[in-house]
Amino acid sequence: MNISVIGAGQMGNGIAHVFAQGGHQVTLIDIAQASLDKAIATIAKNLDRQVAKGTLTAAGKDAALMRITTSTSTADGVKDAELVVEAATENVELKLKIFKEIDAHAPAGCILATNTSSISITKIAAATARPAQVIGMHFMNPVPVMKLVEVIRGYNTTDAVTKAVMDLGRAIGKVPVEVHDYAGFVANRILMPMINEAIETLFQGVGGVEEIDTVMKLGMAHPMGPLQLADFIGLDTCLAILRVLHDGFGQPKYAPCPLLVQMVTAGKLGVKSGEGFYSYTAGSKESKVAPAFAVAS
Ligand code: NAD
């Protein structure tokens, strides 16, 4: 299948990786050539890791890399696509603009999927002339490792399109789960309030970064504490998702913690910027947030 992936950030490179490894021809598209270069280097490094573990042959790695081409033009990059998976920045206006452009240039039968964490599939679909063929295909981070794909039906998405995407998910070794289109779907409607509450707990000085994460790791058997997970997801993405939940349901419980807003404004985005609740140097983490952030410490 010809698959175009739009956005070559942390999710886009993983999505391109799993489709290419699954035997599909992938065109990876980004506005920034630097993002494309970094994505190809990341995919090669992650495939190397699979070879080192013995879960992929060296020939398999080379074949997967050969199946990926890159483009800085959406119009050109989707013109032969049978499926487009959009994984650009979590911003509703940007996604509506991208979907208008994809719709204008992708073949008529092409399915248009979005990896959005929270934005309404129905709203994105309404920006196109083919809402029946628009669907959410929400991969988890890191994509090559995580089994879940949340498949979100928009108001107009057909059974046939849903089945095609569920089947494709299974064929690349994932476990697709079908859900309906309300803000945050299932995954982030439950996860983001927990992350926001962890940040609020830090903000109020109830516990430090390590203490909060350790309580949740050892007490609730979570593999990673909520603050480390927030860094991993990207604090800008967490903030964007909370705003979608807040707007979508109009309930104060979804209002983002002021500390999260401050950190994003200050450019502290987590792993991708090198600093969030922890600082990151060459893959290691150390506790970072100063107690001065906490109002009641
Ligand atoms: P990111 O910031 O790492 O990457 C976004 C990429 O989109 C960047 O490379 C940027 O250059 C590119 N981009 C921006 N505008 C573009 C355009 N007009 N055309 C093409 N490319 C464009 O973000 P990410 O974490 O990879 O998130 C991408 C999407 O995946 C978001 O919708 C996010 O909500 C969703 N998502 C994120 C996670 C996560 O853990 N980070 C998990 C699941 C889903």
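The rules we used
- Residues numbered from 1 in each chain as written.
- Predicted model: local features only at pLDDT ≥ 70, side-chain atom pairs only at ≥ 80, totals over all residues.
- Heavy atoms only, no water.
- Near = heavy atom within 4 Å.
- Polar contact = N/O pair within 3.5 Å; in protein donor to acceptor, adjacent residues only side chain to side chain.
- Areas by Shrake-Rupley, 256 points an atom, 1.4 Å probe, with all protein chains shown as cover.
- Helix = DSSP H or I, 4+ residues; strand = E, 2+ residues; numbered from the N terminus.
- Pairing = 2+ DSSP bridges.
- Axes fitted to C-alpha atoms, helices over the stretch in contact; angles between N-to-C directions.
- Contact = heavy atoms within 4.5 Å.
- Domains from an automatic or database assignment.
- Buried area = accessible area lost by both parts, 1.4 Å probe.
- Salt bridge = Lys/Arg side-chain N within 4 Å of Asp/Glu carboxyl O.
- Nonpolar A, V, L, I, M, F, W, Y, C, P; charged D, E, K, R; others polar.

Caption draft 1: Structural detail: the site of the ligand. Near the ligand you find 25 residues, and of these Asp 30, Glu 90, Lys 95, Ser 117 and Ile 233 are the closest. In the environment of the ligand, an oxygen atom lies 2.5 Å from a nitrogen or oxygen atom belonging to the side chain of Glu 90. Bound to the protein, the ligand loses 89% of the 840 Å² it would expose on its own. Of all elements in the fold, only helix H1 (10-21), helix H5 (92-105) and strand S6 (134-139) reach the threshold of two or more residues within the shell around the ligand. Looking at the shell around the ligand, the element that brings in the most residues is H5, giving 3 residues.

Caption draft 2: Layout of the sheet that holds S6. With mixed pairing, the 8 strands of this open sheet are ordered in space as S3-S2-S1-S4-S5-S6-S7-S8. Both outer strands of the open sheet, strand S3 (68-71) and strand S8 (175-180), are each paired with one neighbouring strand and no more. Strand after strand, the sheet turns through a mean of 25 degrees between neighbouring axes, direction not considered. Alignment of strand S5 (residues 111-114) against S6, held across 3 bridges, turns out to be parallel. Residue pairing in the sheet places Leu 112 in a bridge with Val 134 of S6. Where helix H2 (residues 33-53) meets the sheet, it contacts strand S2 (25-29) and S3, and its direction lies at approximately 165 degrees from that of S3. Packing of H5 onto the sheet brings it into contact with strand S1 (2-6), strand S4 (83-86), S5 and S6, and relative to S5 it is tilted by some 165 degrees.

Caption draft 3: Just the domain arrangement of the protein, in detail. Structurally, the protein comprises domain 1 (2-180) and domain 2 (188-290). Each of domain 1 and domain 2 was reduced to a C-alpha centroid, and the two centroids are 26 Å apart. Facing the 8 residues of domain 1 at the interface are 9 residues of domain 2. Here domain 1 meets domain 2 over a buried area of about 670 Å², counting both sides, of which 56% is carbon and sulfur. The tally of links from domain 1 across to domain 2 stands at 0 salt bridges. Run the count over domain 1 and domain 2 and you get 2 residue pairs in polar contact (both at pLDDT 80 or more). For the side of domain 1 that touches domain 2, the residue count by class is 2 nonpolar, 5 polar and 1 charged.

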